[in-house]
Amino acid sequence: MAEKAHAVAELFTSQAYFKNLDAQTLEAIMRAAMHWKYEPNQIILLEGEPADGLHIVEDGWLKVSKISLDGREQILQFLGGGDVFNAVSVFTATPNPATVTALEPSSVWMIPYGKMQELLENHPPLARVIIQDLAGRVLHLITLVEDLSLRKVESRFARLLLDEQRNNVIQRKRSATQAEMAARLGTVPDVVSRTVRKMVEQGILRVTRSEIVILDRPRLEALAEMSDLPQQP
C-alpha cells in the first residue's frame, strides 16, 4: 500500500501544476482525486458534456478525437502514462472540447473541477504554469491544422513517423490499426495502406506486425517537408 501511495505521489508531482506545491496542499489534492479504470473502447469523456475535472493518465493508452457531422473521426492526439487532459475545459469553464476513449486497459485519476479552481485561487503563481501549458496545446492544434490543410497524406505520414521514431524504429501498438492511423492523418484507411505500400516498395520503410523501421531517413525527411501549396512561377 505504501509503495502504491508513493507511486501516485510521484505521478502527481511530475505534473507542472503540482510539482511546486507544499506537502499539505498536495496531500489534500490527492485525497480529493478519484481513480477510475477503463476497458478498451470505453469512453472516458464525451465532447460537449460538462467538464468534471482535470485528468491524469496513470497507465494505458487513450485517444483524443472529434467526430464530424458526416461521422468521420479526426484524432487530435494520443495519451499515455503521465499525460494530462481536459485542462482547457477545467481552466476556461467550458464543456469537454473533444471525446477521449481508452484504446487499451487504462487507469486515470480525476481531480474535481472545484478542487482545481480552489487551487488556482490559493496559488496565484500557478496561473503562469497554466498559461504556458494552454499555449503549448494551442500550438499543437495550429500545427495539426497546418498539416491537414497544407500537406499531402504522404507528407503527414512521414512527419508522424519521424515524430514517433526512436533510433529509426516505431513500435506498433495493437490498437494502432490503419483505421486509427487514418483518423489521425485526416484520411481513410485505403489511402494509408497505399502510402505505406509505396514507401515499402521504394525502400524507405520496412514494416512488420510489431514495428516500422526507417531504412532511408533522408528520403523520409524530404517527404515530411513537402507542401501541397502550388509552386511559385
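The structure we're discussing is the one just above.
1. Considering the overall build of the protein chain
Item 1. A count of helices and strands for the protein chain gives nine helices and eleven strands.
Item 2. Overall size of the protein chain, expressed as C-alpha extent along the three principal axes, is 60 × 45 × 35 Å.
Item 3. Relative to its full complement of 233 residues, the protein chain shows a buried share of 39%.
Item 4. For the protein chain, the proportion of contacts with a sequence separation of at least 24, taken over those separated by at least 6, is 72%.
Item 5. For the protein chain, the exposed surface amounts to about 13,300 Å²; the carbon and sulfur share of it is 55%.
Item 6. Across the protein chain, the centroid of the 26 positively charged side chains sits 5 Å from that of the 30 negatively charged ones.

2. Overview of the packing of aromatic side chains
Item 1. On inspection of all chains with the given rule, the structure shows five aromatic pairs.
Item 2. Considering the side-chain rings of Tyr17 and Phe91, the 5.5 Å spacing of their centres and the 55 degrees angle between planes classify their relative orientation as tilted. In this pair, Tyr17 sits in the loop between helix H1 (2–13) and helix H2 (23–32) while Phe91 sits in helix H3 (residues 87–92), placing the two residues 74 residues apart along the sequence.
Item 3. Residue Phe91 is classed as buried on the basis of its relative accessible area of 16%.
Item 4. Taking 5.5 Å as the distance between ring centres and 5 degrees as the angle between the ring planes, the aromatic pair formed by Trp61 and Phe78 counts as stacked. Taken as a pair, Trp61 in strand E4 (residues 61–67) and Phe78 in strand E5 (residues 73–80) lie far apart in primary sequence, 17 residues in all.
Item 5. Through a chain of ring-to-ring contacts, the aromatic side chains of Phe12, Tyr17, Phe18, Phe91 and Trp109 assemble into a single cluster.

3. Regarding the packing of helix H6 (residues 153–164) against helix H7 (residues 178–185)
Item 1. One way to put it is that H6 packs onto H7 with a least axis distance of 10 Å and a crossing angle of 105 degrees. Classified by the angle between their axes, H6 and H7 sit roughly perpendicular to one another. The residues of H7 that touch H6, namely those facing Arg156, Phe157, Leu160 and Glu164, are Met181, Arg184 and Leu185.
Item 2. Of the residues contributing to the contact of H6 with H7, the split by class is four nonpolar, no polar and three charged.

4. A closer look at the pairing of strand E3 (residues 53–59)
Every other side chain in a regular strand lies on the same face of the sheet, so the side chains alternate between the two faces.
Item 1. Taken across its seven residues, E3 has six buried, putting it largely inside the fold.
Item 2. Pairing of E3 with strand E8 (residues 106–112), which is carried by six bridges, proceeds in the antiparallel orientation. Residue pairing across strands places Leu54 opposite Ile111, the latter belonging to E8.
Item 3. In terms of strand pairing, E3 meets strand E6 (residues 84–85) through two bridges, oriented antiparallel. Bridged to Ile56 within E6 is Val84.

5. Digging into the sheet that holds strand E11 (residues 211–214)
Whether parallel or antiparallel, the strands of a sheet pair through hydrogen bonds between backbone atoms.
Item 1. Taken together, the three strands give an open sheet; going across it, the order is E9-E11-E10, and neighbouring strands pair in antiparallel fashion. One side of each edge strand has no neighbouring strand; the edge strands of this open sheet are strand E9 (169–171) and strand E10 (205–207). Averaged over neighbouring strand pairs, the angle between their axes works out to 15 degrees when direction is ignored.
Item 2. Relative to E11, E9 is paired through three bridges, and the arrangement is antiparallel.

6. Describing the sheet that holds strand E7 (residues 99–102)
Item 1. Read across the open sheet, the four strands follow the order E2-E7-E4-E5; overall the sheet is antiparallel. In the strand order of this sheet, the two ends are held by strand E2 (43–45) and E5, each with one partner. Sheet twist, expressed as the mean angle between neighbouring strand axes with direction ignored, is 30 degrees.
Item 2. Of the strand pairs in this sheet, E2 and E7 are connected by two bridges, and their pairing is antiparallel. Each bridged residue has a counterpart across the sheet, and for Ile43 the counterpart in E7 is Thr101.

7. Details of the nonpolar core
A general feature of soluble globular proteins is that nonpolar side chains tend to end up buried together.
Item 1. Ranked by internal contacts, the top residues of the largest apolar core, which has 22 residues, are Phe12, Tyr17, Phe18, Leu54, Ile111 and Met116.
Item 2. Where this core is concerned, the elements lending two or more residues are H1, H2, E3, H3, E8, helix H4 (113–122) and helix H5 (126–150).
Item 3. For Ile111, the contacting residues outside a window of four places in its chain are Phe12, Phe18, Ile29, Ala33, Asp52, Gly53, Leu54, Ile56 and Met116.
Item 4. Listed in part, the 19 residues of the second largest apolar core include Phe157, Leu161, Leu185 and Val196.

Criteria and cut-off values
- Residues numbered from 1 in each chain as written.
- Predicted model: local features only at pLDDT ≥ 70, side-chain atom pairs only at ≥ 80, totals over all residues.
- Heavy atoms only, no water.
- Helix = DSSP H or I, 4+ residues; strand = E, 2+ residues; numbered from the N terminus.
- Buried < 20%, exposed > 50% of the residue type's maximum accessible area, 1.4 Å probe, protein only.
- Contact = heavy atoms within 4.5 Å.
- Areas by Shrake-Rupley, 256 points an atom, 1.4 Å probe, with all protein chains shown as cover.
- Lys, Arg positive; Asp, Glu negative; His and termini not counted.
- Charge placed at Lys NZ, Arg CZ, Asp CG, Glu CD.
- Phe/Tyr/Trp six-rings, centres within 6.5 Å; stacked < 30°, edge-to-face > 60°.
- Axes fitted to C-alpha atoms, helices over the stretch in contact; angles between N-to-C directions.
- Parallel < 35°, antiparallel > 145°, perpendicular 65-115°, else oblique.
- Nonpolar A, V, L, I, M, F, W, Y, C, P; charged D, E, K, R; others polar.
- Pairing = 2+ DSSP bridges.
- Core = buried A, V, L, I, M, F, W, Y, C linked by side-chain atoms within 4.5 Å.

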